[in-house]
Amino acid sequence: MSVIDSPQLVEREVEAPPGLLRRLIRQRQAKIGVALTAAVVLIALFGPLVLPWGATGYTSTEFAGRPFKPEGLFGTDNLGRDVLTRFLDGGLRLLMFAALATLLGMIIGGLSGMAAAYRGGIVDSAIMRSNDVLLALPQLVFALLAITVLGPQSWVLVTVIAITHAPRIARVTRSATVAVVTEDFIRASEMYAVPKWKILVQDVLPNITGPLMVELGLRMTYSIGALASLSFLGLGMQPPTADWGLMINENRIALAIQPWGVILPVLAIAVLTVGTNLITDSLARASANLNVGESK
Amino acid sequence: MSTSVVEPPTTTKPVLSARDLRIATTSGYEILHGVSFTLQPGKILALVGESGSGKTTAGLACLGHFRRGLKHTGGEIHLAGTGDYGNILDLPEAERRKLRGGSISYVPQDPALSLNPAMTIGRQIQEVLQVHHYGDSEEDRRARAKEVLAEVGLENSETYQRRYPHQLSGGQQQRVGIAMAFACRPAVLVLDEPTTGLDVTTQALVLQTIAELAERHGVAGLYITHDLAVVAKVADEVVVMLSGEVVEKGSTAQVLYQPRHEYTQKLLSAVPDLAGRRQVGRVAVITEEHPAINLASGHVTAVQALQIPPSSEDRSNLLEVAGLKLSYGSNKVLGGIDFSLARGESMMLLGESGSGKTTLSRCIAGLNDDYTGIVRLNGHALSPGTRARTAEQRQQVQYVFQSPFSSLNPRRTVCESVEVPLQMSGTLSRKQRRVRVLEALDQVRLGESYLDRRPGDLSGGQRQRVAIARALVNAPALLVCDEVTSALDVSVQASIIDLLRTLQAETGMSMLFVTHNICLARHISQRIAVLQHGRIVDFGSTDEVLKHPQHEYTRELLANVPTI
């Protein structure tokens, strides 16, 4: 009897490890992170729909009004605008810009990192060394420079933050890609003359999603922080736009008599940052042993 | 375990005995279902089984160690010389740690991974002695380190002790590993596939070292392996394991030559042998009765090729390699290779690691474009590198990679991976491609149900079949197989070899089978080229080379092959 026919010898099926997402959700830390992030994101998303008053309109003649009065649940700010309204309105812009900046940074950094690792040689050196130059510039100084030259427009904000993220993302992507490009399935694709960009998209990218997801979460946190601090410094969103960073700056003068104008946005930013950080942490843990080549 | 198995008569007191050992995963799935065996001083017991049979788990249990996710659920292990001769699994972890390396020690599979690359080997051996408080002084320990190096057959000079692991060959590294395990004069050595990564000549040396240690110093050895030929050479007794159960045990001669259990018989029938007495799978072995070109296949192309003798250098040769040279800096990898391959012919490219056999096969497949020389396919010179070749040339030469664990993208389904060559030739629609993929999967005996599965759901053998299907989907004229079975179990190897032979007969393609395992010769190839240091040192029909090897190196290889 041939070996092929014997059922005992034909190999048993191997159980596949659960996917990244399921391993992520299994962790309690991730659940808390998702809950925190979701709370803030929901406020930011649906806040503008339930605005009691217009975001820039005046509701009271009393500057820095006390909370829990008919003019506004959390009082009014230094110009007599309703704090709650501005809070509900200001989140979406921050989140959107942060997400855009992160995404753009991921695309620039991811592509250059993958290209550097895959091509190697001179291309690798050129990309990574110019990366080092960018890394040498302090993030905030670079942002200040660009914004003072180009003006505080929203596309400048997004691009500047994306560019400061890109070199860090490129490093992570490159090191993850280096491990994948030595695998034989990349050689196989090359053997069949699959276009290089297609190899990167089909074969490399799906196998480095773990570290990239971690990086995505981390960069999102930093983007939120960077946007809020730029707004606080007066270089981000310009008044009278409602924005959490800007709100902190505007209301810090009256902190002692009307703390709500600062507390609400600070709380939201803090909760969001902690939430995304928790998710990132658990993502890192979930993807730790889900890499190529560890299947046996 | 079966109670019908007759225990061999025990003349001496066993040094280690495992009784009804049960181990389960923390989630409750039992892995070992009551395994029992005993080790006698000076004897080597082989624990044989395929991957997943629980042999390593049982071996580690002897050291009182359970890998993460496993727990001990029943049974006892008694080790002689541990005080009251009690069950070591009852001891607290701290006590067990004292036993390891002292009374019982472990030699892991890959010495390159188990030795510290930043520490000289002398220091590493002395460290083991120091941890176990061997001897009274530093002097004693230094003397012992010197002594143990001599015992495993290595040089015991000071300069040798100052070497780092990377300055040693694989065989020497493994012997250092054995020296470390043996430094404190343990009563039991657990060896976990210590020769798997080594080539035959080195393997023979290591096996000899182990046998000598057992004989001279009365050490009991537990030799974990899947290689029955090695068992025949080194072991006194054999325990055969199948999915966590002992199916057969007895003396080596009894188990290997009069196997009782069906599984043992199957395992034995899967072992390739040099003399071609057995057949692996369905296809007949190649002996002197067979002509250099396989007549038995009866395929048109094979018969056509037969009419023109393959030795004559004319246009019928599918592949011709002339003056192929490749060097990286001063390191010459290939030093002028010339050979030709006829249509429908299968040739074995034999060589040890570092002989340049993989480089040569990659040059032919176009994966390596740094070479100088000419590779001709059907009389037309191929450009180096696949991207420079025409689509038709790419389709005609196909390459199967060594490790199926690396050659398939884990994130793509079987269908997506197999259809890549079709996609790149680019004339078929998605549906047509799927039909062709299904045909290729049928050829490698995998059904439709595999189409949408991912490599993670498949075993090693199944993955290798998928990789072969990818190479076959475009109906190649030449299949280059690079060590395709070296990552697989013996029985899986047998089925893959069987498959390749059958496919070759069915499709009439030529095959270049690259391997380090000379035992496969009669099962796969009509001709053999032996490669050493980037040169072909022996070349001829399988029978000719095996019976009348021309080169010293081939003779040495043949002399060191372990056989049953």
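Residues numbered from 1 in each chain as written. Chains lettered and ligands numbered in written order. Predicted model: local features only at pLDDT ≥ 70, side-chain atom pairs only at ≥ 80, totals over all residues. Heavy atoms only, no water.

**Q** Got a minute to help me understand the overall build of chain B in this structure?
**A** Secondary structure assignment for chain B yields 22 helices and 19 strands. Taken across its 564 residues, chain B has 58% of its residues classed as buried. In chain B, of all internal contacts separated by at least 6 residues, the share reaching a separation of at least 24 is 68%. Here chain B displays about 22500 Å² of accessible surface, and carbon together with sulfur accounts for 49% of that area. (Helix = DSSP H or I, 4+ residues; strand = E, 2+ residues; numbered from the N terminus. Buried < 20%, exposed > 50% of the residue type's maximum accessible area, 1.4 Å probe, protein only. Contact = heavy atoms within 4.5 Å. Areas by Shrake-Rupley, 256 points an atom, 1.4 Å probe, with all protein chains shown as cover.)

**Q** Help me understand a nonpolar patch on the surface in this model?
**A** Taken together, the side chains of L42, L45, F46, L49 and V50 of chain A define a hydrophobic patch exposed on the protein surface, amounting to about 520 Å² of accessible area. Note that L49 of chain A resides in the loop between α2 (28-46) and α3 (83-119). (Patch = residues over 30% accessible without salt bridge, like charges linked within 9 Å, V, L, I, M, F, W, Y side chains within 5 Å. Salt bridge = Lys/Arg side-chain N within 4 Å of Asp/Glu carboxyl O.)

**Q** Which parts of the structure should I look at to understand unusual backbone geometry?
**A** It is generally the case that most residues other than glycine have a negative phi and that most peptide bonds are trans. Residues and elements named next belong to chain B. Positive phi, normally seen in glycine, also occurs at S243, with a value near 30 degrees. Of note, S243 is situated in the loop between β8 (237-242) and β9 (245-251). Take S243: its relative accessible area is 40%, and that puts it in the partly exposed class.

**Q** For this particular structure, what's the right way to read the pattern of salt bridges?
**A** Side-chain pairs of opposite charge can arise where the charged atoms are in close proximity. What the rule picks out here adds up to 32 salt bridges over all chains. Of the charged contacts in the structure, one is a salt bridge between R174 of chain A and D124 of chain A, with a shortest N-O distance of 2.8 Å. Residue R174 of chain A is found in helix α6 (residues 154-181), and its partner D124 of chain A is found in helix α4 (residues 121-136); the two are separated by 50 residues along the sequence. Where R362 of chain B meets D184 of chain A, a salt bridge forms, and the shortest distance between an N and an O atom there is 3.6 Å. Here R362 of chain B is found in helix α13 (residues 357-365), whereas its partner D184 of chain A is found in helix α7 (residues 184-191) on a different chain. Side by side, R362 of chain B and D184 of chain A carry an identical accessibility label, which is buried. Members of the salt-bridge network, linked through shared partners, are R144, E147, E151 and R185 of chain B.

**Q** Got a minute to help me understand α2 of chain A in this structure?
**A** Two residues of an α-helix separated by three or four positions point the same way, owing to the 3.6 residues in each turn. Residue and element names in this part refer to chain A. Compared with an ideal rise of 1.5 Å per residue, which puts 19 residues at 27 Å, α2 spans 27 Å between its outermost C-alpha atoms and is within 8% of the ideal. Along α2, the positions that sit buried rather than exposed are A30, G33, T37, V40 and A44. All buried residues of α2 project into a common sector of 110 degrees when viewed along the axis, lining one side. (Expected span 1.5 Å × (residues − 1). Arc of directions from axis to C-beta.)

**Q** It is not clear to me how the domain arrangement of chain A should be interpreted in this structure. Could you clarify?
**A** All names here are of chain A. When the domains of chain A are assigned, the result is domain 1 (23-89 + 242-296) and domain 2 (91-219). Of the residues lining the interface, 19 residues belong to domain 1; the matching set on domain 2 comes to 15 residues. With both sides pooled, the region where domain 1 packs onto domain 2 buries about 1300 Å², and carbon together with sulfur makes up 69% of that total. For the pair domain 1 and domain 2, the number of links is one salt bridge. The partner of R93 in a salt bridge is D89, with the nearest N and O atoms 3.9 Å apart. Summed over the shared surface of domain 1 and domain 2, the result is one residue pair in polar contact (both at pLDDT 80 or more). Ranked by the residues each element gives to the side of domain 1 that touches domain 2, the list is headed by helix α11 (residues 260-287), at eight residues. Residues of the side of domain 1 that touches domain 2, tallied by class, amount to twelve nonpolar, five polar and two charged. (Domains from an automatic or database assignment. Buried area = accessible area lost by both parts, 1.4 Å probe. Polar contact = N/O pair within 3.5 Å; in protein donor to acceptor, adjacent residues only side chain to side chain. Nonpolar A, V, L, I, M, F, W, Y, C, P; charged D, E, K, R; others polar.)

**Q** Before we go on, may I ask you to explain the pairing of strand β19 (residues 535-541) of chain B in this structure?
**A** The two faces of a sheet get side chains in turn, since along a regular strand they alternate between them. Residues and elements named next belong to chain B. As paired strands, strand β18 (residues 527-532) and β19 are joined by six bridges and run antiparallel to one another. Opposite L531, over in β19, you have I536 as the bridge partner. Here β18 folds back onto β19, and the loop between the two strands holds two residues, one of which, H533, carries a positive phi near 45 degrees. (Pairing = 2+ DSSP bridges.)

**Q** Would you mind showing me how to read the pairing of strand β12 (residues 346-350) of chain B here?
**A** All names here are of chain B. The buried fraction of β12 amounts to five of the five residues, a majority that puts the element mostly inside the structure. Bridging between β12 and strand β17 (residues 510-515) involves five bridges; their strand directions are parallel. Residue pairing in the sheet places S346 in a bridge with M511 of β17.

**Q** Please explain α13 of chain B as it appears in this structure.
**A** Residue and element names in this part refer to chain B. For α13, the buried fraction is high: eight of the nine residues fall into the buried class. If you check which residues of α13 are buried, you get K357, T359, L360, S361, R362, C363, I364 and A365. Following α13 by one or two positions, G366 has its phi on the positive side, about 85 degrees.

**Q** Help me understand the packing of α3 of chain A against helix α8 (residues 196-204) of chain A, please; the structure alone is not making it clear to me.
**A** For any two helices packed against each other, one specifies the inter-axial angle together with the distance between the axes. Residue and element names in this part refer to chain A. Direction vectors running N to C along α3 and α8 enclose 110 degrees, while the axes themselves pass 11 Å from each other. Classified by the interaxial angle, the pair formed by α3 and α8 is roughly perpendicular. Taken together, the residues of α8 that come into contact with α3 (itself represented by M114, A115 and Y118) are K196, I199, L200 and V204. (Axes fitted to C-alpha atoms, helices over the stretch in contact; angles between N-to-C directions. Parallel < 35°, antiparallel > 145°, perpendicular 65-115°, else oblique.)

**Q** Would you explain the sheet that holds strand β15 (residues 397-400) of chain B in this entry?
**A** Through backbone hydrogen bonds, the strands of a sheet pair up, either in parallel or in antiparallel fashion. Residue and element names in this part refer to chain B. Ordered by their spatial adjacency, six strands build an open sheet running β15-β16-β17-β12-β18-β19, and the pairing between neighbours is mixed. Of all the strands in the sheet, the pair left with one neighbour each is β15 and β19. Shown here is a sheet whose adjacent strand axes are inclined to one another by a mean of 15 degrees, direction ignored. Sheet contacts for helix α19 (residues 490-507): β12, β16 (478-482) and β17; angle to β17, the most-contacted strand, approximately 160 degrees.

**Q** Help me understand the sheet that holds β8 of chain B, please; the structure alone is not making it clear to me.
**A** Residues and elements named next belong to chain B. Strand order in the open sheet formed by six strands is β5-β6-β7-β3-β8-β9, and the pairing between neighbours is mixed. The open sheet terminates on both sides in strands that have one partner only, identified here as β5 (104-107) and β9. Direction aside, neighbouring strands of the sheet carry axes that sit 15 degrees apart on average. Here strand β3 (residues 44-48) pairs with β8 via four bridges, running parallel. Residue pairing for β8: V48 is matched across the bridge by V240.

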